[in-house]
Amino acid sequence: EAYETITPEQEPDSAAARLLTRFRLEKLIYFLLPVFIIAVITLVHFTLIERWWYLRMKPPIAIEKIYHKFYRAGRPFAGIRTRAETSHEFAQKLIDKLIELAEGSRFKKLLANIKSNTMTLTNLYDSALFIDVQVHKQDARTVWRTWTHLRWRLLFARILLAQANRIQKANRARIQQAQQT
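Procedures and definitions
- All chains use their own residue numbering, which begins from 1 and follows the written sequence.
- The predicted nature of this model means local features are confined to residues of pLDDT at least 70 and side-chain atom pairs, given and counted, to a pLDDT of 80 or more, with totals for whole chains, interfaces and linings taken over all residues.
- Values reported for side chains reflect all heavy atoms of the structure, with hydrogen atoms and water molecules removed beforehand.
- Using a grid of 1 Å spacing that covers the protein atoms alone, one calls a set of points a cavity when a 1.4 Å probe fits there but cannot get out, and a pocket when the set is open and has protein on both sides within 12 Å along at least five of seven lines; lining residues are those with an atom within 4 Å of a point.
- Grid points are joined across faces, edges and corners, and a volume is the space filled by probe spheres set on the points.
- Strands here mean DSSP runs of E at least two residues long; helices mean DSSP runs of H or I at least four residues long; both are numbered from the N terminus.
- Classification convention: Asp, Glu, Lys, Arg as charged; Ala, Val, Leu, Ile, Met, Phe, Trp, Tyr, Cys, Pro as nonpolar; all other residues, Gly among them, as polar.

Peer 1: What exactly am I supposed to notice about the layout of surface pockets here?
Peer 2: The gaps of empty space that remain are located by a probe, the size of a water molecule, rolled over the atoms. Estimated volume of the largest pocket: approximately 230 Å³. Contributing to the lining of the largest pocket are Lys-97, Glu-100, Leu-101, Gly-104, Ser-105, Leu-160, Leu-161, Gln-163, Ala-164, Asn-165, Ile-167 and Gln-168. For the lining of the largest pocket, the secondary-structure elements that each account for two or more residues are α3 (87-103) and α5 (137-180). Among the elements that line the lining of the largest pocket, the one with the most residues is α5, at seven residues. The residue makeup of the lining of the largest pocket, split by class, is five nonpolar, five polar and two charged. In this model, the second largest pocket occupies a volume close to 180 Å³. Taken together, Phe-46, Lys-69, Arg-72, Ala-73, Trp-147, Arg-151, Trp-152, Leu-154, Leu-155 and Arg-158 make up the lining of the second largest pocket. Looking at the lining of the second largest pocket, the elements that each hand over two or more residues are α2 (59-78) and α5. Per element, the largest residue contribution to the lining of the second largest pocket is six residues, and it comes from α5. Partitioning the lining of the second largest pocket into residue classes produces six nonpolar, no polar and four charged.

Dropping the structure here:
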């Protein structure tokens with residue numbers, strides 16, 4: 001008989017099984033602990049530290065810094081910067097591109113509020129910089145809240161845009177290959 005079976009009187013080596021389980025658990029913990037620590041630090045940064053940092057600034061400065069983050073995140077969608085581009089022109093280019101991206105996507109609900117959030121952020125930025133109106137702490141909070149909603153949607157839309165560009169590139173290569181044959 002090539003296979004050895006355990007009879008009811010015999011017990012498997014439980015000490016070896018416990019050691020193997022402990023080794024596997026330790027190996028998993030050593031791998032996952034750094035990932036968990038980085039995730040916690042990132043979460044704390046985006047939920048607490050960054051919010052505290054912006055809301056302790058003077059409201060016009062905070063609004064301007066948040067808008068510049070928004071501008072950098074939205075620039076890939078709006079295309080090449082034109083000379084003397086206003087914030088409203090940038091917002092309109094961004095909205096148009098994101099609506100176009102949402103139409104061809106199954107994630108329409110995720111990209112739904114981008115237009116209103118973009119216009120809110122742009123209008124508050126313009127009022128903070130160009131209109132002689134006192135900007136209050138509540139305006140900075142509104143801009144912060146709007147930016148937190150937009151940040152993740154823009155990141156997700158950027159992933160969708162990269163995927164759409166990759167598909168278009170593959171289709172063009174396929175068409176060129178078909179034309180050559």
